[in-house]
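Take a look at the letters that make up each chain.
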Amino acid sequence: MHPAHPNTSCNVTWLEGCFKNKGYNHSDFRCAAIFWSRTSSSVLSLVGCLFAAFIIILYQKYKALTGRLILSLIVPSIIVPSCCLKRVIIPSIWCEITGFVFQYGILSQRLIVLSISTYLYLLVIMERRYRYLEYVFHACIWTVAMAVSLVPFNDKLYGPAGDWCWIMDRSDDNDNCSRKKGDAYRFGCYYIPMIFILLIEIILYTFIVRKVRKEFVGVEAVDEERFEWYKKYIRPLYYYPLMNIILAIPTTANRVQNLVNPEKPNFILYLFHSIVFPIWGLCYSLLFLLDEDTRRLLRPLRLCRYAYRAASSINLRSRDGNVNEPPFPSPIFPSPVPSLSDFAVGAPLLGEHSSAQRSIYTTPVASTVAMTSEVEGNYVE
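Just so it is clear, the model here is predicted, and its values are computed rather than measured.

### Looking at the overall build of the chain
For the chain, the count of helices and strands is 13 helices and two strands. Here the chain, with 381 residues, has 49% of them falling under the buried criterion. Summarising the internal contacts of the chain: among those between residues at least 6 apart in sequence, 71% fall at separations of at least 24. For the chain, the accessible area works out to roughly 18,700 Å², and carbon and sulfur atoms hold 64% of it.

### Describing unusual backbone geometry
Phi at Q60 is positive, roughly 60°, even though this residue is not glycine. You can see Q60 is positioned in the loop between α2 (29-58) and α3 (65-89). Residue classification places Q60 among the buried residues on the basis of a relative accessible area of 7%. The phi torsion at K156 lies on the positive side, around 50°, for a residue other than glycine. Residue position: K156 is located in the loop between α5 (133-150) and β1 (158-160).

### A short note on the state of the cysteines
Summed over all chains, the structure comprises one disulfide. Residue C95 pairs covalently with C165 via a disulfide, S to S 1.9 Å. Taking the torsion about the sulfur-sulfur bond, which here is approximately -110°, the covalent link between C95 and C165 counts as left-handed. Of this pair, C95 sits in helix α4 (residues 95-124) while C165 sits in strand β2 (residues 165-167); the two residues are 70 residues apart in sequence, bridging distant segments of the chain. Residue classification places C95 among the buried residues on the basis of a relative accessible area of 1%. The thiol of C49 is not disulfide-bonded; the next cysteine sulfur, from C283, is found 9.6 Å away.

### Some thoughts on the packing of α2 against helix α12 (residues 300-312)
The interhelical angle for the contact between α2 and α12, taken along N-to-C directions, is 70°, at an axis separation of 11 Å. In terms of orientation, α2 lies roughly perpendicular with respect to α12. By crossing handedness, the relation of α2 to α12 is classed as left-handed. Contact residues: F51, F54, I55 and L58 in α2; L303, Y306, A307 and A310 in α12. Here the residues of the contact of α2 with α12 sort into eight nonpolar, no polar and no charged.

### Examining the packing of aromatic side chains
By convention here, two paired aromatic rings are described through the distance between centres and the angle between planes. Using the criterion set out here, one finds 19 aromatic pairs in the structure. Where Y132 meets Y135, the ring centres are 6.2 Å apart and the plane angle is 40°; that geometry is what we call tilted. Per residue, the accessibility class of Y132 equals that of Y135, and both read exposed. Positioned above the aromatic ring of W280, the side-chain terminus of R110 is 3.7 Å from the ring centre.

### As for the environment of Y205
With respect to the helices and strands, Y205 occurs in helix α6 (residues 180-215). As a C-alpha pair, Y205 and L120 span 85 residues in sequence and 8.4 Å in three-dimensional space. For Y205, the contacting residues outside a window of four places in its chain are Y238, Y239, P241 and L242.

### Overview of the side chain of T39
For T39, the location among the structural elements is in helix α2. Note on T39: relative accessible area 16%, which makes it buried. For T39, the side chain forms a polar contact with the main-chain oxygen of F35, separated by 2.8 Å.

### Re α4
End to end, α4 covers 43 Å across 30 residues, agreeing with the expected 44 Å (1.5 Å per residue, within 8%). The buried fraction of α4 is high, at 25 of 30 residues.

### Examining the pattern of salt bridges
Any two side chains of opposite charge can pair, on the condition that their charged atoms come close. Scanning all chains against the criterion turns up six salt bridges. A salt bridge links E228 to K231, with the nearest nitrogen and oxygen atoms 3.8 Å apart. Separated by three residues within a single helix, E228 and K231 lie in helix α7 (residues 224-234), roughly one turn from each other. With a relative accessible area of 38%, E228 lands in the partly exposed category. Here E292 ties to R235 by a salt bridge, and the two come within 3.2 Å at their closest N and O atoms. With E292 in helix α11 (residues 292-297) and R235 in the loop between α7 and α8 (240-260), this pair connects stretches of sequence that are 57 residues apart. Linked through salt bridges whose partners overlap, the residues forming this network are E127, K211 and E215.

Procedures and definitions
Residues numbered from 1 in each chain as written. Predicted model: local features only at pLDDT ≥ 70, side-chain atom pairs only at ≥ 80, totals over all residues. Heavy atoms only, no water. Helix = DSSP H or I, 4+ residues; strand = E, 2+ residues; numbered from the N terminus. Buried < 20%, exposed > 50% of the residue type's maximum accessible area, 1.4 Å probe, protein only. Contact = heavy atoms within 4.5 Å. Areas by Shrake-Rupley, 256 points an atom, 1.4 Å probe, with all protein chains shown as cover. Disulfide = S-S within 2.5 Å. Axes fitted to C-alpha atoms, helices over the stretch in contact; angles between N-to-C directions. Parallel < 35°, antiparallel > 145°, perpendicular 65-115°, else oblique. Left-handed = near helix turned anticlockwise from the far one by under 90°. Nonpolar A, V, L, I, M, F, W, Y, C, P; charged D, E, K, R; others polar. Phe/Tyr/Trp six-rings, centres within 6.5 Å; stacked < 30°, edge-to-face > 60°. Lys NZ or Arg CZ within 6 Å of the ring centre and 35° of its normal. Polar contact = N/O pair within 3.5 Å; in protein donor to acceptor, adjacent residues only side chain to side chain. Expected span 1.5 Å × (residues − 1). Salt bridge = Lys/Arg side-chain N within 4 Å of Asp/Glu carboxyl O.

Keep in mind that these numbers describe shape and distance, not what the molecule does.
Here you go:
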């Protein structure tokens with residue numbers, strides 16, 4: 001993904017020819033395939049992430065730590081495909097800003113998956129849940145991602161980088177074809193951190209899988225309480241590190257080939273790269289939506305009922321700050337008088353929570369405390 005320099009003596013590859021004159025050369029089928037595959041993947045990823053975020057908010061899954069971690073992962077997963085589309089729909093003057101946001105979203109996304117791997121390691125291997133670990137995660141993720149993303153501004157290297165806006169690979173000199181400065185920033189700000197993160201995830205996930213297969217899988221009939229603990233805290237996040245490792249294979253392979261032989265880009269590798277790179281968010285969303293507890297909430301009747309309740313409860317708060325009693329139980333403002341028919345569907349109203357948490361509809365004052373104590377469990381200071 002290297003934009004061509006008009007005043008250089010470089011040999012222009014077919015890939016650079018795809019983006020000549022600040023547009024796509026659709027006369028070449030390879031350029032058209034890369035363009036439409038990237039655009040389609042970005043749109044699908046955006047739709048999947050927005051729907052997953054809607055489900056998390058609608059059913060209040062963010063009240064559990066697992067739900068908040070997944071929601072935190074979906075946020076940068078919305079940013080990345082949006083920036084992939086912006087290369088097409090925005091003027092080039094905004095490309096520098098888009099490149100920065102794109103870099104920030106990528107780093108945040110990868111660091112959140114590393115945080116999930118670390119959380120699972122502490123939970124499975126050490127069997128501990130630390131109260132302030134979530135705050136440490138967020139402080140490190142957003143601070144480190146912001147600091148690293150600001151570095152390329154030092155040499156004004158954000159701009160057009162092939163089929164999206166990112167760190168430009170060429171220097172500003174028009175009398176040579178040097179890529180040293182751009183490549184140095186790409187390696188320092190992205191490739192080296194990503195390889196380091198990926199190696200840590202592989203090591204942590206290896207220990208996690210061995211422990212889970214040995215002590216949690218297949219123990220449902222022997223130790224029901226331990227299996228329920230596994231279903232509640234481990235299984236919702238178990239496959240995210242694995243998905244991250246699998247999706248990194250085609251993109252890493254393309255980058256290695258591009259580094260070894262930059263003058264002969266491989267069309268198949270670039271095509272897979274264009275398909276896979278924006279679609280990370282869709283894969284994360286599918287992992288969340290296909291979870292057993294989430295699938296129960298996706299029944300059309302239940303989904304429509306909750307959406308209607310949420311829309312109806314928006315105007316329940318009066319001007320003096322008091323909450324008016326809704327005519328029916330609401331997922332946003334609990335009703336003090338529940339109806340028995342509301343519990344006849346089978347699954348708990350809050351999805352992953354147990355029947356004891358249905359007291360949220362009978363004791364509004366203590367509902368938040370009761371829910372937090374049961375969902376989050378016991379912590380280690």
